[in-house]
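The chain contents come next:
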Amino acid sequence: MTDELKTQSTDNKNPSRLSSIKGKFEDAFGSPPTFIASAPGRVNLIGEHTDYNDGYVFPVAIDKYINIAVRERSDRRVVVHALDVNESWDFCLDTLPSIPRQAPAWSRYLIGVASLLQAAEKKIAGIDAVITGDVPIGAGLSSSAALSVAATLAFLTAGSETEMLISEKDKTELAELCQRVEHEFAGVKCGIMDQTISLLGQENCGLFLDCRSLTYEQVPLNLTDHVIAICNTRVKRELAASEYNKRRAECEKGVEILSQWLPGITSLRDITLPDFKKHEEELPALTQKRCRYVIEENTRVVEAVSVLKARNQQTDESLIAFGNLMNASHNGLRDDYQVSCMELDLLTDIARDITGVVGSRMTGAGFGGCTVSIVHKDALAAFESHVTTGYHEKIGVEPEIYLCHVSGGAHVFWR
Ligand code: GLA
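What you are looking at is a predicted structure, and each value in this text was computed from that prediction instead of being measured.

## Description of the overall build of the protein
Here is step 1: Looking only at helices and strands, the protein features eleven helices and 14 strands.
Here is step 2: The C-alpha radius of gyration computed for the protein amounts to 21 Å, which stays within 12% of the reference 22 Å derived for 415 residues, consistent with globular compactness.
Here is step 3: Principal-axis analysis of the C-alpha atoms gives the protein an extent of 65 × 50 × 45 Å.
Here is step 4: Counting only carbon and sulfur atoms, one obtains 49% of the accessible surface of the protein, whose full area is about 16900 Å².

## Overview of the pattern of salt bridges
Here is step 1: Following the criterion strictly, the structure yields 23 salt bridges and no others.
Here is step 2: Glu243 serves as the salt-bridge partner of Lys246, at 2.9 Å between the closest nitrogen and oxygen. Here the residue Lys246 and the residue Glu243 both occupy positions in helix H6 (residues 240-258), the gap between them amounting to three residues, near one helical turn.
Here is step 3: Overall, Glu243 belongs to the buried group, its relative accessible area being 13%.
Here is step 4: Residues joined in a network through salt bridges with shared partners are Arg71, Arg73, Asp75 and Asp128.

## Quick look at unusual backbone geometry
Here is step 1: Cis geometry is found at the peptide bond from Leu96 to Pro97, where omega equals 5 degrees.
Here is step 2: Within the element layout of this structure, Pro97 appears in the loop between strand E5 (87-92) and helix H2 (105-119).
Here is step 3: Phi at Arg234 takes a positive value of approximately 65 degrees, unusual for a residue other than glycine.
Here is step 4: Take Arg234: its relative accessible area is 46%, and that puts it in the partly exposed class.
Here is step 5: Residue Gln338 is not a glycine yet carries a positive backbone phi of 55 degrees.
Here is step 6: According to the relative accessible area criterion, Gln338 is partly exposed, its value standing at 33%.

## Points about the site of the ligand
Here is step 1: As a structural note, the neighbourhood of the ligand is formed by Arg42, Glu48, His49, Asp51, Tyr52, Cys190, Gly191, Met193, Asp194, Tyr244, Gly364 and Ala365.
Here is step 2: Note that an oxygen atom of the ligand is positioned 2.9 Å from one of the side-chain N or O atoms of Arg42.
Here is step 3: The residue makeup of the shell around the ligand, split by class, is five nonpolar, three polar and four charged.

## Quick notes on the nonpolar core
Here is step 1: Membership of the largest hydrophobic core comes to 91 residues, with the highest contact counts inside it found for Val43, Phe58, Phe91, Phe155, Leu221, Ile228 and Phe322.
Here is step 2: Counting residues per element, this core draws most heavily on helix H3 (residues 143-160), at ten residues.
Here is step 3: Counting residues in hydrophobic clusters, the runner-up holds 26 residues, among them Tyr52, Tyr244, Ile257 and Ile271.

## Quick notes on the sheet that holds strand E13 (residues 400-404)
Here is step 1: Here we have four strands laid out as an open sheet, ordered E11-E12-E10-E13, and antiparallel in their pairing. A single partner strand is all that each edge strand has here, and the edge strands are strand E11 (357-363) and E13. On average, adjacent strands in this sheet sit at an angle of 20 degrees to one another, irrespective of strand direction.
Here is step 2: In this structure, strand E10 (residues 226-232) lies alongside E13, joined through five bridges in antiparallel fashion. Residue pairing in the sheet places Cys231 in a bridge with Ile401 of E13.
Here is step 3: Across the sheet, helix H10 (residues 342-352) lies against E10, E11 and strand E12 (370-376), angled at about 175 degrees from E11, the strand it touches most.

## A word on the pairing of E11
Here is step 1: Most of E11 is tucked away, with seven of its seven residues classed as buried.
Here is step 2: Where E11 meets E12, six bridges bridge the pair, whose relative direction is antiparallel. Looking across to E12, one finds that Gly359 is bridged to Ile374.
Here is step 3: The antiparallel pairing of E11 with E12 creates a hairpin that spans six residues between the two strands, and Gly364 there sits at a positive phi of about 90 degrees.

## So, helix H5 (residues 193-200)
Here is step 1: The element H5 is extensively covered by neighbouring structure, given that eight of its eight residues are classed as buried.
Here is step 2: Those residues of H5 not exposed but buried are Met193, Asp194, Gln195, Thr196, Ile197, Ser198, Leu199 and Leu200.
Here is step 3: Buried residues belonging to H5 abut strand E2 (35-46), strand E3 (56-72), H3, helix H4 (168-185), strand E8 (205-210) and strand E9 (216-220).

Cut-offs and rules
Residues numbered from 1 in each chain as written. Predicted model: local features only at pLDDT ≥ 70, side-chain atom pairs only at ≥ 80, totals over all residues. Heavy atoms only, no water. Helix = DSSP H or I, 4+ residues; strand = E, 2+ residues; numbered from the N terminus. Rg over C-alpha atoms; globule rule 2.2 N^0.38 Å. Areas by Shrake-Rupley, 256 points an atom, 1.4 Å probe, with all protein chains shown as cover. Salt bridge = Lys/Arg side-chain N within 4 Å of Asp/Glu carboxyl O. Buried < 20%, exposed > 50% of the residue type's maximum accessible area, 1.4 Å probe, protein only. Near = heavy atom within 4 Å. Polar contact = N/O pair within 3.5 Å; in protein donor to acceptor, adjacent residues only side chain to side chain. Nonpolar A, V, L, I, M, F, W, Y, C, P; charged D, E, K, R; others polar. Core = buried A, V, L, I, M, F, W, Y, C linked by side-chain atoms within 4.5 Å. Pairing = 2+ DSSP bridges. Axes fitted to C-alpha atoms, helices over the stretch in contact; angles between N-to-C directions. Contact = heavy atoms within 4.5 Å.

The structure is reproduced here in structure tokens:
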């Protein structure tokens, strides 16, 4: 693999978005940071709730980041200010992984990352750090994965004291480590998608990831006259963690039951739609719906990627086919997997009625958060006004709309 994550040592790579965090670090600690670790959020175009079923996903990294400005310390302490929530926390690398009850939620990710890096015998160092970012928190755009990934780069870079090369293989291993942080320190049994795209994202490409083998393909989006628009319902995803873990358990139950007739299967990924249809009646009604959705969604991802590649040869119907698959994905999440909510359904309904919108669906775990739509650039003004007024009329608040640039993955910027 060629694209290695190389830390940058030159000022000309420092985007202006990082100048304010440098100033804030200096205000807090009295001198400038040595480097800034930056990791993007993501939006998933298709392939929802398939990652923990060993299936396929197709996310992109977005131009919204969690940034951590860092200076190494000579002792083993970690002193952190989280600017956006105005909270601070410090801990010692020698007493991990104990977490005091009063530790703020965000600090668990840093403690988790540091603990697992140490357990993996990576060299890490104590740091002074400030954290700030523009990935909206709890909106389904993976702010927590971006935080874990940025923290991983922060600790590793501080420990290596020099420019660091992280190979593609190392990036997938680090993604797995960050996934474990979510499992073991935040209690969410998430899949591998969010951490992987935050590390491996490539500008203007979607990541077609096989979540079983962790092999992937960077697929050029070539959206030309279309843009990716994200709409935030601003609904807090209160049910997300508990319902998420429940869905995962329901899928596992489906596999266990179906394995009586389909020996050798270890996940829903192993079941074809025709095989499922032969045996679906054996499943309890709810399990049947959950499994049907996942099996169908896996086939949709494969098809979506193949039509998008056809679009690269300038077939315009391809994008329409891609949009139809996005719509079908949302319908499955709404009716069979039941992780949508009224606000997400409203946003997708409004979007789909606008000429020039090729597809619209909820994205991420669900129960609030965001939708993602592909919109022709000439329809953007209509999109913004219809979505804003239509949503406001029914819900009483305006959604936030972000037009998204597909960005590269996590990075370290030197002073
Ligand atoms: C969350 C999880 C991911 C994935 C999505 C749903 O974002 O972190 O692993 O399961 O939900 O597709």
